[in-house]
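Spelled out from the first residue to the last, the chains are:
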Amino acid sequence: MSNSFKHLLSALLAAFALAGCATTTEQTKPDTDTAAASGKQELPFKSTAVPPEKLDKELLYNYLAGEISVQRGAWREAYEHLLLAATEAKDAVAASKASRLAWRQDDLERATHATRLWVEYAPNDIPARQLAMLAALRNNDLDEALEQAQAILRIASAKGKDGFLLLSTALATTKDKNKLALIQRLARQYPDDAHAQYALALVSMQEKQLTDALDAVNRSQQLAPEWDKPYLLRVQIYATQGNEEGAEQALREAADAHPSPTLLEAYGRLLMQKKRYEKALEYFQRALELSPQDHELLYVVGVLALQTEDWDLAKSTWERLRDNPRYHKAQEAWYFLGQLEELQGNLEEATKNYSQVKEGRLRNDAQIRTAILTGKLGNLSEAHELFNALRLTDPDQAVEIYITEAQLLKDLHKPESALEVYNEAIDTYPQEADLLYARGLLAADMGNIELAEKDFKAALALQPDDADTLNALGYTLADQTDRYAEAYAYIKKALELNPDSAAILDSMGWVLFRMQEYDKALSYLRKAAAKLDDPEINAHLAEALWVTGSKQEAGELLDKAIATHPDNPKLKDVIKRLR
């Protein structure tokens, strides 16, 4: 199964399957025994504990000593003081703190005792009941665990919550072997409750009982065909079984047959993982139609519209986010409006939009884009000042900013200016291997082999096992000198470090070609071309094919490559020489 698919489905389960549940670690104040203020039905349990009318000195001492012990990390002392305070004052808060301290120490006996007090003093507190249920499971008391689980269901019903989802959330925190037996008994008691069957499916899946989990999911879907969570759980079960195709099909069918925002978004995210952006955009738009005020959905629609070059949709989406007073990321909207204009070639408008990004996570990137576009618009002096300002305000990124500025100048066919930037950078940061590597690449492109070799070797002195630098040095020697044996040694080591790199496979093929070992060269060059559609790799492969007599194949490869990369100088040079 692909890692992206596993990652997506894990995210689905975390985001959707257990969404909105209280957990056993929730730090809430215990509930009172009065009817819920929101108008829910009266809570089912009454506390019989009678707190003292006033605090005496000993009680106050235990409270204070318990809190101080907690701050000191003296968990055992803290437990004892808080338990005494809880017992004397009939205080659920102190009991809950003592209970959690005991659970933190994995002291089951003390945890059980404190949790029982907590339940006694606040019998409608769901976290108390959850811990009491878990304690009973740990003590192999399935009847007690069942009693606590049924109490959770009654309390949750009174509060308008999904009790079975609260149960499965709590059970997900334990590896106790009895938890499956507990949820099975409950599910048998509620055979017509879709939520009970869903909870059984969740716990069965956690226990790797996947066939039983699917059976429970089926029952849940039959009982509540419009409820989206069982469909997501079915997808997760298929994925756990390694049935990636079945998982994707199940999710697609669920999204089409029962189009809730959750299912549509889930399938849209899967399509994004698979880089099927146009189809993903379709599903996110459908989700947005059902939930038009969902800013997160609108955000993804904006991103996908940029990805698919639907410029009108992208502009209207980001302007809608920018102008919505309830959306608190207007700065990001300005950034993406800048990106929109840049992608369309409207550099001046893009710069204006980027300049509106005054804060937030995209501020630095917006400033870098502004500097780059300023240079592309021909204002190199102003761009240089902007890059300098960025290096002063963000010194941690100074090396990357130097490289960005130099790359801009290289792209603008000003290699000498780029070299000056690298010289200044290396004078300032002489031990930065990335700068040495980048200047070495530029020097190689300029034909300055002496400087390129010097920089690559200096970078290797700092990072001797850097495959990219080894490859760059080896390729430069193979391509621009006759020191083939030396080049081969560097490339061989790089390939050992990174055997799947298309660039390194290409270098190995090229050095073997220069050594006139044509059969081996072709093998490596074909592997490189199969991994990456790159104009330079295709040029090398075409030249090797031509020289070895496969001129028709070489010509077809060149025609295809030049159609895709019409301005690539390497391709143009090979075509000129061979034809």
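The structure reproduced in this document is the subject of the present report. (Residues numbered from 1 in each chain as written. Predicted model: local features only at pLDDT ≥ 70, side-chain atom pairs only at ≥ 80, totals over all residues. Heavy atoms only, no water.)

## Things to note about the layout of surface pockets
Piece 1. Each pocket or cavity is described by its volume, and for the largest pocket that value is around 1000 Å³.
Piece 2. Lining the largest pocket are 36 residues, and of these Lys 410, Leu 441, Asp 445, Tyr 475 and Glu 536 sit closest to its centre.
Piece 3. For the lining of the largest pocket, the secondary-structure elements that each account for two or more residues are α22 (398-411), α23 (415-428), α24 (433-445), α26 (467-480), α28 (502-514), α30 (535-547) and α32 (569-578).
Piece 4. Per-element accounting of the lining of the largest pocket gives the leading share, seven residues, to α26.
Piece 5. Looking at side-chain class alone, the lining of the largest pocket contains 19 nonpolar, eight polar and nine charged residues. (1 Å grid on protein atoms, 1.4 Å probe; cavity = no way out; pocket = protein on both sides within 12 Å on 5 of 7 lines; lining within 4 Å. Points joined across faces, edges and corners; volume = space filled by probe spheres on them. Helix = DSSP H or I, 4+ residues; strand = E, 2+ residues; numbered from the N terminus. Nonpolar A, V, L, I, M, F, W, Y, C, P; charged D, E, K, R; others polar.)

## A few points about helix α6 (residues 126-138)
Piece 1. Helix length check: α6, at 13 residues, gives a terminal C-alpha distance of 18 Å against a target of 18 Å (1.5 Å per residue), a fit within 8%.
Piece 2. With twelve of its 13 residues buried, α6 lies for the most part within the structure.
Piece 3. For α6, every residue scored as buried is listed here: Ile 126, Pro 127, Ala 128, Arg 129, Gln 130, Leu 131, Ala 132, Met 133, Leu 134, Ala 135, Ala 136 and Leu 137.
Piece 4. Looking at the buried positions of α6, the neighbouring elements they touch are α4 (92-104), α5 (108-121), α7 (142-159), α8 (163-171) and α9 (179-189).
Piece 5. Of the residues trailing α6, Asn 140 is marked for its positive phi of about 60°. (Expected span 1.5 Å × (residues − 1). Buried < 20%, exposed > 50% of the residue type's maximum accessible area, 1.4 Å probe, protein only. Contact = heavy atoms within 4.5 Å.)

## What to know about the packing of aromatic side chains
Piece 1. Summed over the entire model, instances satisfying the criterion amount to twelve aromatic pairs.
Piece 2. Between Tyr 335 and Phe 336, the ring centres sit 5.3 Å apart and the planes meet at 85°, which makes this aromatic pair edge-to-face. The pair Tyr 335 / Phe 336 is uniform in exposure class, with both members buried.
Piece 3. Grouping aromatic residues by their ring pairs yields a cluster made of Tyr 299, Trp 318, Tyr 335, Phe 336 and Tyr 354.
Piece 4. When the ring centre of Trp 75 is taken as origin, the NZ or CZ atom of Arg 104, which lies over that ring, is 4.6 Å away.
Piece 5. Between Arg 322 and the ring centre of Trp 334, over which it is positioned, the NZ or CZ distance is 4.8 Å. (Phe/Tyr/Trp six-rings, centres within 6.5 Å; stacked < 30°, edge-to-face > 60°. Lys NZ or Arg CZ within 6 Å of the ring centre and 35° of its normal.)

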